[in-house]
Amino acid sequence: MAKIRFGIIGVGSRGIRTFGRHLRGAYADRAELIALADVDPHRLGVAAKMLEVDKTYASHSQLIDDAGVDAVVITTPDYTHAAIALEAMDAGKDVICEKPVATTIDDANRLLEAGRRFGKSFQVGFVLRYAPFFKGMHDAIVEGRIGRPLFATAVDNRAGSGYFRSWHRLRQYSGGLLNHKSGHTLDILNWMLDGIPTAVSATGGVAHYGPRDWAGDYCSSCAAAGVCSEYIDFTQGLMGELFHGAEIRGDSKTDVCVYNSDKDTVDHASLNVEYQDGQRASYGLCLFAPYNQRELGVTGTEGKVEGREGEDRVRLTRRAPDRVRFAGGYRGQPGSEEYLAVDQPGGEGVAGGHGGGDVGLLDDCFAAFEGQRDPVADLEAGYWSAVLGIAAEESVARGGQRLTLAEMGVAGLQTAV
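Rules of the game
Numbers given for residues are sequential positions, taken from 1 along each chain in its written order. pLDDT decides what is reported in this predicted model: residues at 70 or higher carry local features, side-chain atom pairs at 80 or more are listed and counted, and totals for whole chains, interfaces and linings draw on all residues regardless. Where side-chain values are given, they derive from all heavy atoms of the structure, hydrogens and water being excluded. Here the nonpolar core consists of buried residues drawn from Ala, Val, Leu, Ile, Met, Phe, Trp, Tyr and Cys, with membership extended through side-chain atoms lying within 4.5 Å. Only protein chains enter the area calculation, which uses a 1.4 Å probe; residues under 20% of their type maximum are buried, those over 50% are exposed, and those in between are partly exposed. Labels follow the DSSP assignment, with helices taken as runs of H or I lasting at least four residues and strands as runs of E lasting at least two, numbered in each case from the N terminus. Each aromatic pair joins two rings of Phe, Tyr and Trp (for Trp, the six-membered one) with centres within 6.5 Å, and gets the label stacked for planes under 30 degrees apart, edge-to-face for over 60, and tilted for any other angle. Each ring is checked for a lysine NZ or an arginine CZ that lies within 6 Å of its centre and within 35 degrees of its normal; such an atom marks a charge sitting over the ring. Two strands make a pair as long as DSSP finds a minimum of two bridges between them. Every crossover in which the path from the first strand over the helix to the second runs clockwise, viewed with the strands pointing away from the viewer, is termed right-handed. Whenever a helix is involved, its axis is fitted only over the stretch in contact; in every case the axis is a line through C-alpha atoms, and angles between N-to-C directions fall within 0 to 180 degrees.

Asker: It is not clear to me how the nonpolar core should be interpreted in this structure. Could you clarify?
Answerer: Across soluble globular proteins, nonpolar side chains show a tendency to be buried alongside one another. If you look at the biggest cluster of nonpolar residues, it comprises 118 residues, and the most contacted ones within it are Phe6, Leu36, Phe122 and Leu271. Among the elements that take part in this core, helix H12 (residues 379-397) stands out by supplying 11 residues, more than any other.

So, in structure tokens, the structure goes:
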């Protein structure tokens, strides 16, 4: 088959390191990266040189209008995703859009409506669905090994200071970190439970990354640079090449102090989620953990599967059907227990990103774009994760109030099956 001709809109780290590098490298026999677009001419020039792409555009619309581009990859700041994706769909391009697909309920609704009329492929960057660890757990559920899944728990342990020095920290740009960052895990919960969320209550706040009187406003001018554990020199490495000397806009500052930044989202939160068919989930986010690892457990009518991201196995415990008598009543027999092996990709190369999820997503994109199957992570998946994360942020802002997605204006509930 002819190679698929890609254009990347937004040439930050993700656009270059993941999509650009892989399309120009491991997937060069199946893809051509022919165009790049970015509003910042400095970043655009750096990316074009790194990826050896001659054709560049100063706006996403110019790239989308390029008849030579078959598929667009959207890796711009979150608040731009919906408008760009709608334009790309209207132009008949296949789409890969980074999560979240939207930062407002209204934008999410517009995307969903357009997506249900869209005749081509729309894939969301939910790389965890393709990572062997999460795929292994999902396979066990689909195979019926825990019966019908009813309850899930997840914890995100993240060393996440970086989210408070860039545009992610402001809800107007990201929809809040429960949308931007937690969107991955909220999607995994929806996927594992095979459920449509209908209500959420959430509490959270800023417990660690609050103001420090000894810190400055920017790393580059801070007197505590020599002793602060969060100090970063943004003149070095890829970020230095992309942002040092570039125009510093309100949505792209990278040098802001993580403690004294003007954030309006959370660095920790707890969520309770209700689903259309009675399933429930609990989720915890901690962005000041000393390590990066998700914990996940799903309990069904016949057992439980659980594990910790990055480990080479997950535990499967089956409920025993027999009961034994004891003084005053009965109790269940201890269930059978086994461990399911999970393949672990190695290194920092193509297979290593997001636990193997980056390469899995790209493999799936070619299968979807070539018409072999629907994408594993499609627009509807992106929709439900986004509206859940946005509603959770609003619940936090209202002091933990339980909010139904219907009262939040989530139109997908009217047509969900």
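Asker: Could you clarify how one ought to interpret the packing of aromatic side chains in this entry?
Answerer: In this description, an aromatic ring pair is defined by two values, namely the gap between the centres and the angle between the planes. Considering all chains together, one arrives at nine aromatic pairs under this definition. Considering the side-chain rings of phenylalanine 6 and phenylalanine 366, the 5.8 Å spacing of their centres and the 70° angle between planes classify their relative orientation as edge-to-face. Of this pair, phenylalanine 6 sits in strand E1 (residues 4-9) while phenylalanine 366 sits in helix H11 (residues 357-369); the two residues are 360 residues apart in sequence, bridging distant segments of the chain. In textbook terms, an aromatic cluster arises when at least three aromatic residues are bridged by ring pairs, as seen for Phe6, Tyr27, Phe366 and Phe369. Sitting over the ring of tyrosine 339, arginine 313 keeps its end group 3.7 Å from the ring centre.

Asker: Help me understand the pairing of strand E2 (residues 31-37) in this model?
Answerer: On any regular strand, side chains alternate: one points to one face of the sheet, the next to the other face. The buried fraction of E2 is high, at six of seven residues. Direction of pairing for E1 relative to E2: parallel, over a ladder of six bridges. Looking at E2, one finds that glycine 7 is bridged to alanine 35. The parallel pair E1 and E2, bridged by helix H1 (residues 13-24), forms a crossover whose chirality is right-handed. Two elements, E2 and strand E3 (residues 55-57), share three bridges in a ladder whose sense is parallel. The partner of leucine 36 across the bridge, within E3, is threonine 56. Read from E2 through helix H2 (residues 41-51) to E3, the crossover connection turns out right-handed.

Asker: So what exactly am I meant to see when it comes to the sheet that holds strand E6 (residues 122-124) here?
Answerer: Pairing between the strands of a sheet is mediated by backbone hydrogen bonds and can be parallel or antiparallel. A sheet is described by the order of its strands in space; here six strands give the open sequence E3-E2-E1-E4-E5-E6, paired in parallel fashion. Looking at the sheet topology across the chains shown, the edges are occupied by E3 and E6. Neighbouring strand axes in the sheet, compared pairwise and without regard to direction, differ in orientation by 25° on average. With four bridges joining them, strand E4 (residues 71-74) and strand E5 (residues 94-97) adopt parallel strand pairing.

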